[in-house]
Amino acid sequence: MAHDAPQGGGPSKLVIRNIGLMLSGALEKPILDADTIIAENGKITGIGRLGDFDVEGATTIVDANGTTVAPGLIDSHVHPVAGDWTPRQNQIGWIDSFLHGGVTTMISAGEVHMPGRPRDVVGLKAMAIFAQRAFWTLRPGGVKVHAGAPVIECEMVEDDFRELAAAGVKLLGEVGLGGVKDGPTARKMVGWARKYGIQSTIHTGGPSIPGSGLIDKDVVLEADTDVIGHINGGHTALPDDQIRCICEGCKRGLELVHNGNERSALFTLRIAREMDELSRVILGTDSPAGSGVQPLGILRMVSLLSSLGEVPAEIAFCFATGNTARMRALDCGIIEVGRAADFVIMDKAQHSAGKNILDSVRLGDLPGIGMTIIDGIVRTQRSRNTPPATKVPEIIGH
Ligand SMILES: [Zn+2]
């Protein structure tokens with residue numbers, strides 16, 4: 001396991017050339033007409049044709065070999081605990097395995113699987129600050145884990161949110177996993193969080209494991225969190241009429257998760273499309289979970305929504321990249337000058353019936369990953385987890 005601090009070493013200049021297809025991650029223009037990306041010191045500085053750039057001084061040159069480059073995938077809903085270990089399924093190395101599924105950024109929806117998790121106010125604040133610090137310092141495989149997401153309890157007062165924000169906490173864990181399960185209390189605390197710049201999400205649907213509870217549409221709409229966490233349930237979904245009410249009753253993010261109800265995910269997608277609000281759709285796995293840890297979970301969601309939800313594959317990739325980045329104010333997720341040089345390089349899986357990578361995803365297959373890059377640094381080459389890519393990129397010079 002490679003453990004990397006947030007910043008790399010000295011100055012770096014990455015050139016990725018011979019790109020066959022460039023997916024931007026941005027819904028308004030999901031495919032870019034370009035074959036080369038330049039990134040300096042971890043940020044994208046150029047997108048265009050090879051001839052347009054001075055590649056002098058490159059510290060790494062990647063020949064994409066005609067394959068597809070997309071922004072690194074973002075998992076909007078994970079439950080990390082400590083380092084690259086999860087007690088939920090007693091597994092080590094799960095985050096590194098997700099990197100082999102193209103995930104370069106993860107967002108914590110609460111460190112709720114911590115054995116002996118404190119529920120008193122001082123204890124839950126301390127744990128959130130600890131998790132934020134620990135995952136900032138330690139990036140398993142290079143993956144950026146945004147953690148430190150306290151689960152709110154009824155005894156909290158406004159000053160607790162001010163104190164958490166001042167200490168660097170930027171997220172709330174899923175509202176509803178702690179003692180706060182009613183609309184008015186949730187709304188008051190979500191408002192405090194928002195006032196101090198802390199983003200919020202909520203557990204939607206039936207209880208996921210013994211100890212969690214039902215959160216229905218009335219509580220979801222009253223709480224008014226920034227993201228409607230797993231609107232397709234985690235696993236138990238709300239009835240369709242309630243899902244429709246939530247989609248139509250607010251403008252917040254609609255998060256679809258792998259560890260949820262697939263039919264409800266497709267139902268939500270259909271409503272978002274009818275409303276012409278696909279920019280609200282973001283993806284997560286909600287893992288580790290009772291059903292395990294899914295390193296390919298985000299890719300599987302992209303493929304599910306594209307094939308059964310009848311969304312072009314290049315649009316479905318936006319749900320896992322640019323949509324999430326914009327909603328969560330991240331500097332990654334879109335191939336655009338100035339953003340983080342976080343990429344996944346993919347191709348059609350060997351023997352897929354699809355004509356090309358987009359067609360193969362549209363047919364329900366997963367793409368094969370040939371390389372991941374975070375902050376302009378190559379982190380992995382051919383994935384150990386995806387079906388093998390037909391063509392893979394190569395590092396041709398340093
Ligand atoms: Zn949940």
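Residues numbered from 1 in each chain as written. Predicted model: local features only at pLDDT ≥ 70, side-chain atom pairs only at ≥ 80, totals over all residues. Heavy atoms only, no water.

Can you walk me through the coordination of the zinc ion in this structure?
Between any two of four tetrahedral donors, the ideal angle at the metal is 109.5 degrees; between two of six octahedral donors, it is 90 or 180 degrees. Looking at the zinc ion, the protein donor atoms are E174 (OE), H203 (ND1) and H230 (NE2), and they sit 1.8 to 2.3 Å from it. Within one chain, the residues donating to the zinc ion are spaced in sequence as E-x28-H-x26-H. Taken together, the residues E174 in the loop between α3 (158–166) and α4 (183–195) and H203 in the loop between α4 and α5 (217–223) connect sequence positions 29 residues apart. With relative accessibility at 0%, the residue H203 sits in the buried group. (Donors = N, O, S within 2.8 Å, 3.2 Å for Na, K, Ca; no water. Helix = DSSP H or I, 4+ residues; strand = E, 2+ residues; numbered from the N terminus. Buried < 20%, exposed > 50% of the residue type's maximum accessible area, 1.4 Å probe, protein only.)

Any chance you could explain the nonpolar core here in plain terms?
Looking at soluble globular proteins, one finds that nonpolar side chains tend to be buried together. In terms of nonpolar packing, the biggest core is built from 78 residues, with M106, L283 and F319 touching the most fellow members. Once you skip the residues sitting within four places of it in the chain, L283 turns out to touch I74, D75, S76, L256, I298, M301, V302, L305, A316, F319, A320 and T324. In this structure, I19, V62, M371 and I373 belong to the second largest nonpolar core, which totals 18 residues. (Core = buried A, V, L, I, M, F, W, Y, C linked by side-chain atoms within 4.5 Å. Contact = heavy atoms within 4.5 Å.)

Sorry, what's going on with the pattern of salt bridges here?
In total, this model carries 25 salt bridges according to the counting rule given. R384 is the salt-bridge partner of D96, the closest N and O atoms lying 3.1 Å from each other. Separated by 288 residues along the polypeptide, D96 in helix α1 (residues 94–99) and R384 in the loop between β20 (377–380) and β21 (394–397) bring together distant segments of the chain. Assessed through its relative accessible area of 14%, D96 is described here as buried. Between R162 and D159 there is a salt bridge whose closest N-O contact spans 2.7 Å. Residue R162 and its partner D159 are both found in helix α3; the two are separated by three residues, about one turn of the helix. Looking at R162, the relative accessible area reads 37%, which means it is partly exposed. One network of salt bridges, in which partners are shared, links R139, K144, D342 and D375. (Salt bridge = Lys/Arg side-chain N within 4 Å of Asp/Glu carboxyl O.)

In this structure, what is going on with the packing of aromatic side chains? I would like to understand it.
For any pair of aromatic rings, the description rests on two quantities: the centre-to-centre distance and the angle between the ring planes. Per the counting criterion, the structure on display carries two aromatic pairs. Ring plane angle 90 degrees and centroid distance 5.4 Å describe the contact between W94 and F98, whose orientation is recorded as edge-to-face. Of this pair, W94 and F98 are both found in helix α1, four residues apart, which corresponds to roughly one turn of the helix. Here F98 falls in the buried class, since its relative accessible area comes to 0%. Ring centres 5.8 Å apart and planes at 50 degrees place the aromatic pair F161 and W192 in the tilted group. Of this pair, F161 sits in helix α3 while W192 sits in helix α4, placing them 31 residues apart in sequence. The exposure class of F161 is buried, given its relative accessible area of 0%. Under the relative-accessibility criterion, W192 is labelled buried at 17%. One cation-aromatic arrangement involves R139 over W136; the distance from NZ or CZ to the ring centre is 4.8 Å. (Phe/Tyr/Trp six-rings, centres within 6.5 Å; stacked < 30°, edge-to-face > 60°. Lys NZ or Arg CZ within 6 Å of the ring centre and 35° of its normal.)

How do you make sense of the environment of A34 when you look at a structure like this?
As for its placement among the helices and strands, A34 is situated in the loop between β4 (31–32) and β5 (36–40). You can call A34 buried: its relative accessible area is 8%.

What exactly am I supposed to notice about the environment of L278 here?
Its place among the elements puts L278 in the loop between α7 (262–274) and β17 (281–284). Sequence-wise, L278 and L254 are 24 residues apart; in three dimensions their C-alpha atoms are separated by 9.1 Å. Apart from the residues lying within four places of it in its own chain, the contact partners of L278 are L27, L269, A272, R273, I315, F319 and N323.

Explanation requested: the environment of I243 in the structure shown.
Its place among the elements puts I243 in helix α6 (residues 240–249). For I243, a relative accessible area of 0% puts it in the buried group. Residues I243 and N385, spaced 142 residues apart in sequence, show a C-alpha to C-alpha distance of 33 Å. Non-local contacts of I243, meaning those with residues more than four positions away in its chain, are made with I231, L238, S264, F267 and T268.

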